[in-house]
Amino acid sequence: MLYSVDSVYKETAVCDDEGRFQLQTDIKPYRLLVQHISYTTLSVVSSDSVLNNLVLEDKAEVLGEVVVKAERPIMKMRNGGLVFNPQTLSKARLLATAFDLLCETPGVQSFDKETISMVGTGVTPTILINGKPSTMSATNVLNYIKSLPSNRVKEIEVNYNPPANWNVKGTAINIVLTESLSDFMTGQVQSKWQNKHADSFNENASVMFSKGKFSADFIYSLDYGKSLTEKNTWIKHDIQGETIDLTSNTKRKGSTPYSHNIYVGLKYNLPSNQYLSLTYNNSLTPSGKSEIVSYNSLLGNTLQSTQNKTYLHNVSLDYMMPKGWRLGMEYLYFNTKQDYTGYVINKHTEYSQYQRINKYNAFLSGHSAINKSWSLGYGANYTHTSSNSGQPTLKSTLYNEDYAKIYADAEGNILNGKLYLRGTLAVDWYKIKEYKEWSFMPSFSLTYNIAPQHQLMSSFQTFRLYPNYWLRQDFIQQVDGYEVKVGNPTLKVAKYNIASLYYIFKQKYYLSISYYHVKDAFFTQHYQSPENLQLINQIANIDLSKVFTIYLNVPFTIANKWYLTFTPSAFHEYYKTANWHNLSFKVSGWSTNITVNSQLVLSSEPRLTFITKAFAGTAQRQGILKTDGVWFVDAGLQLSMLKDKLNIGFYANDIFESATLHYGTHFMNQWSETQDCYNRGFSLTLTYKFSNYKEKNRKKVDTSRMGIDNL
């Protein structure tokens, strides 16, 4: 507790687990009182901005020892979301990064250790840091959190209906980080080797400095290596009354000599919990290469080489103002170009594709309390995007896109805190070229704490999902002599409605039931032209998509050494459209799967853990495309030494290479089957933390709707 020297009270703080604390004052000298129930109160008079270690003396009265054994809750419901503690997620395994924690979070899935998804939703979740909306796509944010140490994570919030002030669409995951309360400089280095039939590497280093009210951090990441994919395709093409059989084999080899990512963040704390932060980050790939070799049984060989380069620069300013107001501004510049050369059916081909984006964003949000139980939130967000993209052989596409949102929400508790309510009213305005649209988007969530062992939550939300900028271009990419990728300038915005119900028993067992309804959903479906021997690869809208999902998470422990989690799920998919390339379809079906995660402690000191994951699932659908059922087994060993400062992990994914996808279309005159060839992978990761490593949250850049699709 902080006082003036004449004992006038000013402020109170609670120290963290390591004894650090921070108080804001302009009074010098000051009086500091430190109290703890087991120690004698300490009084300090000082004018120093930073205090050294404060030592408390034991009280004379010491009670006899009492041991209380209890199981830490895995999850709890709070403010319309699910909250997970990292210590309950790690179990016997030392999870080195925030990404590792996400992979162990109930309701969050990662089958390839590269991407994540959420059960029962049709969109990729948005990831936030400390409740701040990131302007980067979920895929790119994952690259950042893979280097974020797990010991920086205080808790993980999974929200199927996020608050309006998060400024996100669909589902969201908020990673809450602990904050430093003292002066220090720390760092971490990490190295990863991965082989998925080709070697790739990632090296990154982080340094953070904190001094008084000022803090700065720096991260540099280097990616380099190769990639290899291969697929076989079987086609029956009906053209002008004749069925033509053909097969093809396509191999793609990618090479990235160097890809650089740099982040610099500066923050200055002001009085009354205000702060000012400035961030700059860039992503530079000056020279990327890929080569596609394809053989078609009817049309012959295709060889294409691609040279690509990408530059991204982003700067943002964030100001937390008094009384809960927050103002932010951001500018993004993105520039990418790809040059193609080669031979298609023995004919020379040469063309380029480019994309240049200038994006400006500003937002203002506020929050105020009505009384002890209820509060109001309000805010506005505006984004302007200028795009210049295309192919030199075609006319460039120049357009501006504008997006604005205003919202108001109310949240509070009734029935002595047993019932939590949150409702939001938001209005969106969207303009691109000649198209303009206003949308009214309400949402709500209801949490009911029935009893300490029973918690129930329901939610509903509606939002719009916008397609990638490049997909709206009028472009043509000749993959080989048969397949061609084309743009879709008429691509519509998808409109989502999601309803969910969740039940938690003993803060451990988790059941979710969800339903989403999507109008004008868009995804890729190959189309065999009836006039030409051509396979059209194009993202297009369908009229309606609906998915109903049931998911269960059941963990249990054997002898405090073996930690198992069973997660069965079932879902029903429905797709309907009246006009898709002059065809109509209405397809539906059930699918089921089960995942079993296991962590077996082989040694406590040093910590050695044997990790396995088994998955089995039946066939799934995406429109008229159907994927066969798959199964796989992953395994790995993790060794932690030097008080968990050094972490070494070796993992094997899809050991039996049984999860290579086999998918196809058997609908009317559309018949094709494809088999992916490579899926098994191995990885070795070494992480070393210097001193008591801490890392701060850093805002990333939104590239979710940018980038050109490689062949």
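Residues numbered from 1 in each chain as written. Predicted model: local features only at pLDDT ≥ 70, side-chain atom pairs only at ≥ 80, totals over all residues. Heavy atoms only, no water.

Novice: Would you mind going over the overall build of the protein chain with me for this structure?
Specialist: Looking only at helices and strands, one finds 3 helices and 42 strands in the protein chain. Radius of gyration (C-alpha) of the protein chain: 27 Å, near the 27 Å computed for a compact globule of 711 residues. Expressed as a percentage of the 711 residues in the protein chain, the buried residues total 48%. Put simply, of all contacts in the protein chain between residues at least 6 apart along the chain, 62% involve residues at least 24 apart. Carbon and sulfur atoms provide 57% of the accessible area of the protein chain, an area that totals close to 33900 Å². For the protein chain, the distance from the average position of its 70 positive side-chain charges to the average position of its 58 negative side-chain charges is 3 Å. (Helix = DSSP H or I, 4+ residues; strand = E, 2+ residues; numbered from the N terminus. Rg over C-alpha atoms; globule rule 2.2 N^0.38 Å. Buried < 20%, exposed > 50% of the residue type's maximum accessible area, 1.4 Å probe, protein only. Contact = heavy atoms within 4.5 Å. Areas by Shrake-Rupley, 256 points an atom, 1.4 Å probe, with all protein chains shown as cover. Lys, Arg positive; Asp, Glu negative; His and termini not counted. Charge placed at Lys NZ, Arg CZ, Asp CG, Glu CD.)

Novice: Help me out: how do you make sense of the pattern of salt bridges in this one?
Specialist: Oppositely charged side chains can form a pair if their charged atoms are brought close together. One pass over the full model with this rule turns up 8 salt bridges. Between D245 and K236 there is a salt bridge, with its nearest N and O atoms 3.4 Å apart. E657 is paired through a salt bridge with R680; the nearest N and O atoms lie 3.3 Å apart. You can see E657 sitting in the loop between β39 (646-653) and β40 (662-667) and its partner R680 sitting in the loop between β41 (670-676) and β42 (681-690), a full 23 residues away along the chain. By relative accessible area, which is 19% here, E657 ends up buried. (Salt bridge = Lys/Arg side-chain N within 4 Å of Asp/Glu carboxyl O.)

Novice: I would appreciate a short explanation of the nonpolar core in the present structure.
Specialist: Counting residues in hydrophobic clusters, the biggest one holds 33 residues, and the most contacted among them are L102, I145 and I175. By residue number, the principal contributor to this core is helix α2 (residues 98-104), which donates 5 residues. When neighbours within four sequence positions are excluded, I175 is seen to be in contact with A98, L102, I127, L128, I129, N130, I145, V153 and E155. Among the nonpolar cores identified, the runner-up in size contains 27 residues, and M441, L491, F522 and F571 belong to it. (Core = buried A, V, L, I, M, F, W, Y, C linked by side-chain atoms within 4.5 Å.)

Novice: Sorry if this is basic, but what is going on with the sheet that holds strand β3 (residues 30-36) here?
Specialist: Within a sheet, each strand pairs with its neighbour through backbone hydrogen bonds, oriented either parallel or antiparallel. The strand order across the open sheet built from 4 strands is β2-β1-β3-β4, with neighbouring strands paired in antiparallel fashion. Lying at the two open borders of the sheet, with one neighbouring strand each, are β2 (9-11) and β4 (39-46). Between one strand axis and the next, the sheet turns through 30 degrees on average, direction left out of account. Across 6 bridges, β3 lies against β4 in antiparallel orientation. Each residue of the ladder has a partner; that of H36, found in β4, is Y39. (Pairing = 2+ DSSP bridges. Axes fitted to C-alpha atoms, helices over the stretch in contact; angles between N-to-C directions.)

Novice: Can you help me understand the environment of L270 in this one?
Specialist: Among the structural elements, L270 can be located in strand β16 (residues 242-270). Take L270: its relative accessible area is 22%, and that puts it in the partly exposed class. For the pair L270 and G131, spaced 139 residues apart in sequence, the C-alpha separation works out to 20 Å. With sequence-adjacent residues up to four places away left out, L270 is seen in contact with Q24, Y275 and Y319.

Novice: How should I be thinking about the layout of surface pockets in this particular structure?
Specialist: With a probe scaled to a water molecule rolled over the atoms, the places where space remains empty come into view. Of the voids in this model, the second largest pocket is the one considered here, and its volume is about 730 Å³. Taken together, 26 residues make up the lining of the second largest pocket; nearest its centre are N130, G131, P163, N165 and W166. Of all the secondary-structure elements, those providing two or more residues to the lining of the second largest pocket are β10 (132-133), β11 (153-159), β20 (347-369), β21 (374-390), β22 (397-414) and β23 (419-432). Take the lining of the second largest pocket: its biggest share by element is 3 residues, from β20. Classifying every residue of the lining of the second largest pocket by side-chain character gives 7 nonpolar, 12 polar and 7 charged. (1 Å grid on protein atoms, 1.4 Å probe; cavity = no way out; pocket = protein on both sides within 12 Å on 5 of 7 lines; lining within 4 Å. Points joined across faces, edges and corners; volume = space filled by probe spheres on them. Nonpolar A, V, L, I, M, F, W, Y, C, P; charged D, E, K, R; others polar.)

Novice: What is the right way to read the confidence of the model for the protein chain from this model?
Specialist: When pLDDT is low, close inspection of the predicted coordinates is not appropriate. Mean pLDDT over the protein chain stands at 86; residues scoring 70 or higher make up 92%. Contacts of residues 693-697 to residues separated by more than four positions or lying in other chains number 39 contacts, the stretch itself having pLDDT below 50. (pLDDT = per-residue confidence, 0-100.)

Novice: Explain the pairing of strand β19 (residues 326-344) to me, please; I cannot follow it from the model alone.
Specialist: Within a regular strand, the side chains alternate between the two sheet faces. Pairing between strand β18 (residues 300-320) and β19: 19 bridges, direction antiparallel. Considered in β19, the bridge of S316 is made with E330. Hairpin remark: β18 followed by β19, antiparallel, with 5 residues in the connecting loop; positive phi at K323, about 60 degrees. Summarising the sheet, β19 and β20 pair through 19 bridges and their orientation is antiparallel. In the sheet register, F334 faces β20, and the bridge partner there is I357. Once β19 ends, the chain turns through 2 residues before running back antiparallel as β20, passing I345 with a positive phi of about 50 degrees.

Novice: Help me understand the sheet that holds strand β27 (residues 483-486) in this model?
Specialist: The strand order across the open sheet formed by 4 strands is β26-β27-β31-β30, and the pairing between neighbours is mixed. With partners counted over all chains shown, the strands left at the sheet margins are β26 (476-478) and β30 (522-528), one partner each. The sheet shows a mean angle of 25 degrees between the axes of neighbouring strands, taken without regard to direction. The pairing of β27 with strand β31 (residues 535-541) spans 3 bridges and is classified as parallel. From the neighbouring strand, K485 faces β31, where its bridge partner is N537.

Novice: Hey, could you run me through the packing of aromatic side chains in this one?
Specialist: The geometry of an aromatic ring pair is captured by the separation of the ring centres together with the interplanar angle, meaning the angle of the planes. Applying the stated criterion across every chain, the model contains 26 aromatic pairs. Measuring from centroid to centroid gives 5.5 Å for W325 and Y378, while their planes differ by 40 degrees, and the two rings are tilted. With a gap of 53 residues between them, W325 in the loop between β18 and β19 and Y378 in strand β21 connect regions that are remote in the sequence. With a relative accessible area of 31%, W325 lands in the partly exposed category. Given the relative accessible area of 26%, Y378 is considered partly exposed. (Phe/Tyr/Trp six-rings, centres within 6.5 Å; stacked < 30°, edge-to-face > 60°.)

Novice: Whenever I open this one, the pairing of strand β14 (residues 199-211) confuses me. Can you help?
Specialist: Where strand β13 (residues 184-195) lies against β14, 12 bridges are found, and the strand directions are antiparallel. Bridged to N195 within β14 is D199. Between β13 and the antiparallel strand that follows it, β14, lie 3 residues; H197 among them carries a positive phi value of about 70 degrees. Bridging between β14 and strand β15 (residues 214-239) involves 12 bridges; their strand directions are antiparallel. The partner of N204 across the bridge, within β15, is S221. Between β14 and β15, which follow one another and run antiparallel, lie 2 residues, and G212 among them has a positive phi close to 60 degrees.

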